[in-house]
Amino acid sequence: RKVGLIGAPFAKGQQPRSGVERGPDLIRAAGLLHRLQELGEEIHDYGNLTFEDIAEDEPVGGVKHVRAVGRANQTLSEAVRAVKMDGRVSVMLGGDHSLAIGSIHGHAAAVGQLAVVWVDAHADINTPLTTPTGNIHGQAMSYLLHELCSKIPTLPNFSWIKPCVSAKDLVYIGLRDLDAAEHYILKLLGVKVFSMTEVDRLGIARVMEETSEYLCARAKKPIHLSYDIDAIDPSVTPATGTPAAGGLTYREGVYITEHLCQTGLLSGVDLVEVNPFRGQTEHAIQSTVSTAVDLLLGCFGRRREGNHPADFILP
Ligand code: ARG
Ligand code: MN
Ligand code: MN
């Protein structure tokens, strides 16, 4: 497989300069490239994107950093599209989860219809009119869904976005902290959700079987995995901006990636919301970063039973 890595050191979908912009370099420093190469992947690192500084960026109806987030995601969308045109699986390291807008948009621009698997404690599907915080990382999915486009007001630097995901092609896993409007939207659109309650009831193996059955029922579309590190329990990944108790175990988190890898349909991956400033200790940060690396390795064929190269010769 060919993989293309894009760093997106961007934090304005959350709070200004919050630390989440350090994510890409921390994840690289933990040896991601080398370890993907060990798995036999042909990986190209496209480096970190640089984002335009926008001087005047007053809130628009309570939504923060609209112009910066809009422009950054336009840049990212182009970058992901280029990686896909290069025939690679795109890997976007965030940064905050507002970056899913550009990542999914660019992926869809290159390959057409997508299935999206969104692994997160949160649904990130507030609209600009329902957001309780004004943070765009809690709204990313609302801009991408065809079904919500009539509910999205015009925003500066957002006019380039074309909704590109259908509600029936979206699956959530790990939800446990939703706002009322988000819960209403999910019910209204009939979105497939495996909240932590379903993970408890069914077990992660059944959740993943049902996820791939559901997404492949009509046609085998390329899969975009958008993985928020806060999906995992904060005892394992505490260094993140909006931790929520009662999350996925490390093993459940990794199982999701192993399963999606085996479908052969993974075509784009986001790993977002790793924030070293939110880790209380060095160990807390390390645990978060190394879990992020393990999730990415799971996406690219690392198996817990072990791996060996196809051309292995026993000496
Ligand atoms: N629901 C809250 C909001 O809309 C929290 C979102 C958290 N999102 C995230 N990507 N960590 O602001
Ligand atoms: Mn989240
Ligand atoms: Mn999120």
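Residues numbered from 1 in each chain as written. Chains lettered and ligands numbered in written order. Predicted model: local features only at pLDDT ≥ 70, side-chain atom pairs only at ≥ 80, totals over all residues. Heavy atoms only, no water.

Caption draft 1: Highlighting the overall build of the protein chain. If you tally the helices and strands in the protein chain, you get 10 helices and eight strands. Scaling as 2.2 N^0.38, a compact globule of 315 residues should have a C-alpha radius of gyration of about 20 Å, and the protein chain matches this with 18 Å. The C-alpha extent of the protein chain, read off along each of the three principal axes, is 65 × 40 × 40 Å. Counting all 315 residues of the protein chain, 57% fall into the buried class. Here the contacts in the protein chain between residues at least 6 apart in sequence split such that 75% fall between residues at least 24 apart. (Helix = DSSP H or I, 4+ residues; strand = E, 2+ residues; numbered from the N terminus. Rg over C-alpha atoms; globule rule 2.2 N^0.38 Å. Buried < 20%, exposed > 50% of the residue type's maximum accessible area, 1.4 Å probe, protein only. Contact = heavy atoms within 4.5 Å.)

Caption draft 2: Molecular detail of the packing of aromatic side chains. Scanning the model with the defined rule gives three aromatic pairs in all. Ring geometry for Phe10 and Phe51: centres 5.3 Å apart, planes at 65 degrees, overall edge-to-face. You can see Phe10 sitting in the loop between strand E1 (2-8) and helix H1 (23-29) and its partner Phe51 sitting in the loop between strand E2 (42-48) and helix H3 (66-85), a full 41 residues away along the chain. Judged by its relative accessible area of 5%, Phe10 falls in the buried class. The residue whose ring lies beneath Arg218 is Tyr214, and the NZ or CZ to ring-centre distance is 5.8 Å. (Phe/Tyr/Trp six-rings, centres within 6.5 Å; stacked < 30°, edge-to-face > 60°. Lys NZ or Arg CZ within 6 Å of the ring centre and 35° of its normal.)

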